[in-house]
Amino acid sequence: MSTENLPQSPEQPSRKPRVAVVFGGRSSEHGISVVTAGAVLKAIDRTAYDVLPIGITQDGRWALTADEPERMAISDRRTPSVDQLAESAEGGVVLPVDPANREVVYSEPGSVPKALGEVDVVFPVLHGPYGEDGTLQGLLELSGVPYVGSGVLASAVGQDKEYMKRVFTSFGLKVGPYVVIRPREWERDESAARRKIVDFAGEHGWPLFVKPARAGSSIGITKVDDPSGLDEAIAEARRHDPKILVEAALRGREIECGVLEFEDGPRASLPAEIPPPDAHAYYDFEAKYIDSTPGIVPAPLTEEETAEVRRLAVEAFDAASCEGLVRADFFLTEDGEFVINEINTMPGFTPISMYPQMWQATGVSYPELVDLLVRAALRRPTGLR
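Residues numbered from 1 in each chain as written. Predicted model: local features only at pLDDT ≥ 70, side-chain atom pairs only at ≥ 80, totals over all residues. Heavy atoms only, no water.

## A look at the side chain of Ser-269
And step 1. Note that Ser-269 resides in the loop between β13 (265-268) and β14 (272-274).
And step 2. By relative accessible area, which is 0% here, Ser-269 ends up buried. (Helix = DSSP H or I, 4+ residues; strand = E, 2+ residues; numbered from the N terminus. Buried < 20%, exposed > 50% of the residue type's maximum accessible area, 1.4 Å probe, protein only.)

## Let's talk about the packing of aromatic side chains
And step 1. By the definition in use, this model includes five aromatic pairs.
And step 2. Ring plane angle 80° and centroid distance 6.1 Å describe the contact between Phe-330 and Phe-338, whose orientation is recorded as edge-to-face. One exposure class covers both Phe-330 and Phe-338, and it is buried.
And step 3. When the ring of Phe-349 is compared with that of Tyr-366, the centres are 5.4 Å apart and the planes differ by 65°; the resulting orientation is edge-to-face. Linking Phe-349 in the loop between β16 (338-344) and α11 (354-362) with Tyr-366 in helix α12 (residues 366-379), this pair joins segments that are 17 residues apart in sequence.
And step 4. Take Phe-349: its relative accessible area is 0%, and that puts it in the buried class. (Phe/Tyr/Trp six-rings, centres within 6.5 Å; stacked < 30°, edge-to-face > 60°.)

## Here we look at the pattern of salt bridges
And step 1. For the coordinates displayed, the defined rule picks out 27 salt bridges.
And step 2. Between Arg-166 and Glu-162 there is a salt bridge; the shortest N-O distance is 3.0 Å. Here Glu-162 and Arg-166 lie together in helix α5 (residues 161-170), a separation of four residues that amounts to about one turn.
And step 3. Put simply, Arg-182 and Glu-162 hold a salt bridge, and the shortest N to O gap is 2.4 Å. Of this pair, Arg-182 sits in the loop between β8 (178-181) and α6 (183-188) while Glu-162 sits in helix α5, and the two are 20 residues apart along the sequence.
And step 4. Overall, Glu-162 belongs to the buried group, its relative accessible area being 1%.
And step 5. Linked by salt bridges that have partners in common, Glu-141, Glu-261, Glu-323, Arg-380 and Arg-385 make up one network. (Salt bridge = Lys/Arg side-chain N within 4 Å of Asp/Glu carboxyl O.)

## What to know about the sheet that holds strand β3 (residues 62-64)
And step 1. Taking strand neighbours across the sheet as the criterion, the four strands line up as β3-β2-β1-β7 in an open arrangement whose pairing is mixed. On the outer flanks of this sheet lie β3 and β7 (121-124), each paired with one strand and no other. For this sheet the average axis-to-axis angle between neighbouring strands, irrespective of direction, equals 30°.
And step 2. Sheet topology places strand β2 (residues 50-56) next to β3; three bridges connect them, and they run antiparallel. (Pairing = 2+ DSSP bridges. Axes fitted to C-alpha atoms, helices over the stretch in contact; angles between N-to-C directions.)

## Re the environment of Lys-42
And step 1. Note on placement: Lys-42 falls in helix α1 (residues 30-43).
And step 2. Judged by relative accessible area, which is 63%, Lys-42 ranks as exposed.
And step 3. The spacing of Lys-42 and Glu-68 is 26 residues in sequence and 8.5 Å in space, taken between C-alpha atoms.

## Overview of the environment of Val-94
And step 1. By the secondary structure assignment, Val-94 is in strand β4 (residues 92-94).
And step 2. It is 5.3 Å that separates the C-alpha atoms of Val-94 and Val-105, two residues lying 11 residues apart in sequence.

## Observations regarding the pairing of β16
Side-chain positions along a regular strand alternate between the two faces of the sheet.
And step 1. Among the seven residues of β16, seven are classified as buried, and the element is accordingly described as predominantly covered.
And step 2. The pairing of strand β15 (residues 325-333) with β16 spans six bridges and is antiparallel. Bridging across to β16, Phe-331 finds its partner in Val-339.

## Some words on the pairing of strand β11 (residues 244-248)
And step 1. Counting buried residues along β11, five of its five residues qualify, which places the element largely inside the surrounding structure.
And step 2. Where burial is concerned, the two faces of β11 agree: the one with Ile-244, Val-246 and Ala-248 and the one with Leu-245 and Glu-247 are both buried.
And step 3. As paired strands, β8 and β11 are joined by four bridges and run antiparallel to one another. Its bridge partner being in β11, Ile-181 is matched across the sheet by Ile-244.
And step 4. When strand β9 (residues 208-212) meets β11, the two strands line up antiparallel, connected through five bridges. Looking at β11, one finds that Leu-208 is bridged to Ala-248.

The values are spatial; any link to function lies outside them.
Rendered as structure tokens:
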């Protein structure tokens, strides 16, 4: 039957993609995640996207928060929190776990749940455990909601410094000497675990860096110059993670490189150099975020060194099966060799963070960077890929 003479339905206007910016979280990096979210919210193109800010409190509650980036900055040397931004002290946001339904619901005790609309993509600017480590990515996979950044496996590998190094080694990337103390080792025999570290120092020398195996932003890391400082360093690392990693100090320059996923595959930015901070023993949390120790962008390297570190950064991205973005951190040793220290699958993303600065120097502005990441996530399906 012909439909030529039937009345035609008016064409529905297409809506803008809805981006849920999820931030905060239960890790010790909660505050810097809020700062990162503020920068993303300020930069995202509101003419192209609808935006829904969702904060996760330190006790794990998903809260509806004000869309007020100016309240999400470091003030008086203190980082902000989701509790300061939440619209209610009790209300909670719930994502669907049905791939056929992307409706986000908000509810408060004693009130009728309120639909907040469908979400097309999640931008998870969470750092550390319970957000950057594959846990949130697994939830989003179950929900069938696309998201910015790496999937479950790459996120987990990128969070656990031991298995990250094992993966890199298996792909032929050079890593520095390290030793791992697992929770059972420490609980079974503390003195034997400590002796394992001292023996490692006997082989590779002091100082050592004692750090949580699954944390970032240099939180919980201690530079230990001799055995007298070891117990305190172990206690500090275990305060953040029962599994600790001990690394030998490498003599060389700290070089970072950003990787970004384009339609034709991942590309590396111009690298940056992190000079030794004057007021700090190493490039720790305070140096990075509170005192804003500046990096050198682009790094003063030869053309050959620049090409090599960019190649290695993409190689690390591929080795860990990453997606979206990665910051790869290297040491350029005194004999001219690049040794990879770690990757970060959701690097610091504030305007002063090195990842955006490296891409700015490469010709991609902060708002363009946010847009490219959202578009890459919208192109990519959930599930096996």
